[in-house]
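What the coordinates show
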Amino acid sequence: MKKFDITGMSCAACVARVEKAVSKVKGVKSCSVSLLTNSMGVEGNFSENQIIHAVEAAGYGASLQGSSQAATKIENSEQTQILSRILHSLIFLAPLLYLSMGASMWNFPLPDVLVANKLSSSLIQFILATIIIVINKKFFVSGIKSILHFAPNMDSLVALGSGVSYIYSLVQIFYMSSRMFEGDVSSVNSIYGNLYFESSAMILVLISVGKLLEQISKGRTTNALKSLMDLAPQTAVVLVDGQEVEMNCSEVKVSDIFIVRPGQKFPVDGIVLEGQSSVNESAISGESLPVEKEQGSEVISGTLNQNGFLKCRATKVGTDTTISKIIQMVKDNAATKAPSQKIADKVSGFFVPAVILISIVTFVVWKLLGAENVFALNKSICVLVISCPCALGLATPVAIMVGNGMGAKNGILFKTSSSLENCGKVKVFAFDKTGTLTKGQMVLKTIVPMAALTKDEILKIAASLESRSEHPLAKSICSAVEPCTELFEVTDWQALPGNGLTGKINQVEYFVGNKDFIVENQITINDEILDQIKSISANGETPVILANKNSVLALFGISDELKEDSAEAVNQLKKMGLKPVMITGDNELTAKAIGKICGIDQIIASVKPDQKSVEVDKLKKYGKVCMVGDGINDGPALTKADIGIAIGAGSDVAVDAADIVLVKNSLVDVVNAVRLSRRTLLNIKENLFWAFIYNILGIPLAAGCYYKIFGWSLSPMFGALAMSLSSFCVVTNALRLNLYNFKNSKINRNKREKSMEKIIKVDGMMCGHCESHVKTALEKIPGVKTATPDHNKKEVVLELESEVDMQLISKAVEEAGYTFLG
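Anyway, here's the lowdown on the structure attached to this text.

Procedures and definitions
Residues numbered from 1 in each chain as written. Predicted model: local features only at pLDDT ≥ 70, side-chain atom pairs only at ≥ 80, totals over all residues. Heavy atoms only, no water. Helix = DSSP H or I, 4+ residues; strand = E, 2+ residues; numbered from the N terminus. Rg over C-alpha atoms; globule rule 2.2 N^0.38 Å. Contact = heavy atoms within 4.5 Å. Areas by Shrake-Rupley, 256 points an atom, 1.4 Å probe, with all protein chains shown as cover. Lys, Arg positive; Asp, Glu negative; His and termini not counted. Charge placed at Lys NZ, Arg CZ, Asp CG, Glu CD. Pairing = 2+ DSSP bridges. Buried < 20%, exposed > 50% of the residue type's maximum accessible area, 1.4 Å probe, protein only. Axes fitted to C-alpha atoms, helices over the stretch in contact; angles between N-to-C directions. Expected span 1.5 Å × (residues − 1). Core = buried A, V, L, I, M, F, W, Y, C linked by side-chain atoms within 4.5 Å.

Assigned secondary structure in the protein chain consists of 32 helices and 30 strands. At 35 Å, the protein chain has a C-alpha radius of gyration far larger than the 28 Å of a compact globule built from 822 residues. With the principal axes as the frame, the protein chain shows a C-alpha extent of 130 × 60 × 55 Å. Excluding contacts between residues fewer than 6 apart, the proportion of contacts in the protein chain whose partners are at least 24 apart in sequence is 69%. Of the accessible surface of the protein chain, which amounts to about 36600 Å², a share of 56% is contributed by carbon and sulfur atoms. Charge centroids of the protein chain, computed over 81 positive and 79 negative side chains, lie 9 Å from each other.

Okay, here's the thing in structure tokens:
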């Protein structure tokens, strides 16, 4: 998609005109114009000059989208220009109002020459009004140009309303001068009361004030995007030949070594090589608690190093960094349109011509009813200036922009406007199990020998076969083997995704996989083995079978710990009336055990990767479906679902296929995404209601429809005031979304209130068995809620319900046969 900056647009009618013109260009597949950001996204095969020429032919300006700083300068320039027009206009509007209204309505004193000579007073009003019209010529230039292109817009309405008042008053001056030469003083005084120079000028000033308020408010809707852009530092300190060199971030390359001191932001994504520190990642993830970083930890561009010196190696630079991708997602969202916007666009296409027609009909009808020219003209002008297509055009995009910004600030990235609007309409949430509901950190928990082999021999055979596989189950078996163990050489190795693998060791063919895979290879599974499989599955562990051509050699039970917030997220979705479903390749018993803990009743188990999308399609009978996943095999299902949500810690394939990306690896953000979507959708409905009801009630009032019944009448000045405030009200209502607070799950609140986290260093752990021993020993200590060991990092993360004496922890570790390092 190529993006362009568009100038000269004033309302939704302009948007429709630009889209229509660009869509006619050969090779354009789709075109989306945003009135909020004055930008356009175009997809297809075309030249940039063709697009620019098409926009200019429609009466507007276009250029390739520049930098964020340039866009901000343009925005600030527009505000400055509008403010300048208002201030200069007020200098001349004040004496105009004094002459036209002050003296006649409030008896303000006037020089005798003006009191006696109404023509002189009229001419002064004419000069003052002319100056104000020249100052605000933008309305007339844009409005007349749009009429000549047969695409009248809001500026056309303003130009017609102000222009008709001005021309009518000018004609009255000529009529007044002829009566004055005839000596008809009473007619002169009567005609003087029919001048509308102040209305002509006041309409322009009030609309300009409304435009200024609208611009300021619109600027605030993009504050989230601007704050994200401000996160990325402009320079980085890179080590070149051992010397620290400060350079532009765009010059940093992958594998460059860079330095980040306390108080500095990370210029690119990377991995810590040396040092320890706390890093504030709240700007990216929305999580207020600092994250501890040490050797091997990943760091994210735009986050703040708080208290330590870190030397890092760059892994992602330029447009590939996390912050750049987030900014691009937010920008892409702004370039798309929500479904509800299409309603407003259709109405806006014929709104302005319809208003002009209503204005003409109003004048004709009042004349037929016997009204005077002044009254009929007054009502006709009022119809022109009270009508507001801007409110219709801004109703949806301002709410989407603010909602999108709120999501970005809290680690929820909506790729399109449609995904933000439709997420709240989802009825079914389908969850992948591994890495989504669970942590995705497979640990070998159980080994059941079924032949005359020791556990170490079984592990060595299994690890030799699994060492070539990247599957998480395979990695868990390999990590359980002692690091110094020499594995067997494997030949004729073959993996069958979703089933298992085969290979030969010393000319003996072995099979590792699930029950179906073993049966397919004509290997007998007796009742004893089936009972063991059921027992392993009932514990929530995934059974993996090792066999040769003759018999089953062993069973492995591999578990994946459930995420702390999975059950809470599912519970909250249920409370919102939504249906959670688990889709997994795991066997039914294991899946049901996990589902029971999570609170998911409908389990779809033993699903092969290529069949997940089929199951998602079947779920659509319940309503809109959202798929939540993190792996490569979730890509097709994420695409097939009405809404796809990818966990940010997942694979690039999942992230690319999804409509929504969660930066944090937390399922509570799925709930927050739904809540934010629903709140945004409500805001859109409020805005559209206000925009439609304003015009539905305002136009008849301006036309004088209630005058005969209730005596209600509206002057053009009050009509202009109402119009100037309508868009401002819509944008201000959208800004209320900034006050929306995400509801944290109970488990997250309880963790902050009741639990503490400590990390201890333990030496001597070599495998999953070691981790299990340490975990069991530590969780027996009163006050220790959970212990999560990691033998690779030589550390254990302790979640404490209360203060625990370190001597007790040290003693437990030592008694388990390991070394406590502090």
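After presenting the structure, the write-up continues.
What follows covers the pairing of strand β1 (residues 2-7). Two elements, β1 and strand β3 (residues 39-44), share four bridges in a ladder whose sense is antiparallel. The residue bridging D5 from the neighbouring strand is S39, located in β3. Judged from the four bridges that link them, β1 and strand β4 (residues 61-64) form a sheet pairing that is antiparallel. Residue pairing in the sheet places I6 in a bridge with A62 of β4.

This brings us to the side chain of S162. Position of S162 among the secondary structure elements: in helix α7 (residues 154-181). Those residues in contact with S162 that sit more than four places away from it in its chain are F140, S200, I203 and L204.

The next thing to look at is the environment of T680. Following the sequence through the fold, T680 ends up in helix α27 (residues 668-703). The class for T680 is buried, based on a relative accessible area of 1%. Separated by 282 residues in the primary sequence, T680 and V398 have C-alpha atoms spaced 9.9 Å apart.

Note: strands within a sheet are paired through backbone hydrogen bonds, in either parallel or antiparallel orientation. Pairing within the open sheet is antiparallel, and its three strands lie in the order β10-β9-β12. Edge positions in the open sheet fall to β10 (291-293) and β12 (304-305), since each of these has one partner strand only. As paired elements, strand β9 (residues 277-280) and β12 share two bridges and run antiparallel to each other. Paired with V279 across the bridge in β12 is N305.

Read across the open sheet, the four strands follow the order β2-β3-β1-β4; overall the sheet is antiparallel. If you trace the sheet from one side to the other, it starts and ends with β2 (28-34) and β4, each paired once. On average, adjacent strands in this sheet sit at an angle of 25° to one another, irrespective of strand direction. Lying over the sheet, helix α1 (residues 12-23) contacts β2 and β3, oriented at roughly 165° with respect to β2.

A turn of α-helix holds 3.6 residues, and therefore any two residues three or four places apart point the same way. With 12 residues, helix α18 (residues 455-466) should cover 16 Å at 1.5 Å per step; its first-to-last C-alpha distance of 16 Å lies within 8% of that length. Of all the residues in α18, the buried ones are I458, L459, I461, A462, A463, S464, L465 and E466.

Turning our attention to the nonpolar core. Core analysis: the biggest nonpolar cluster contains 135 residues, and M40, I51 and F429 have the highest contact counts within it. With 12 residues, the single largest contributor to this core is α27. Not counting residues up to four positions away in its chain, the partners in contact with F429 are L573, L578, K579, P580, V581, C626, V628, I645, V670 and V674. Counting 24 residues, the second largest nonpolar core, distinct from the first, contains L459, Y510, V512 and L546.

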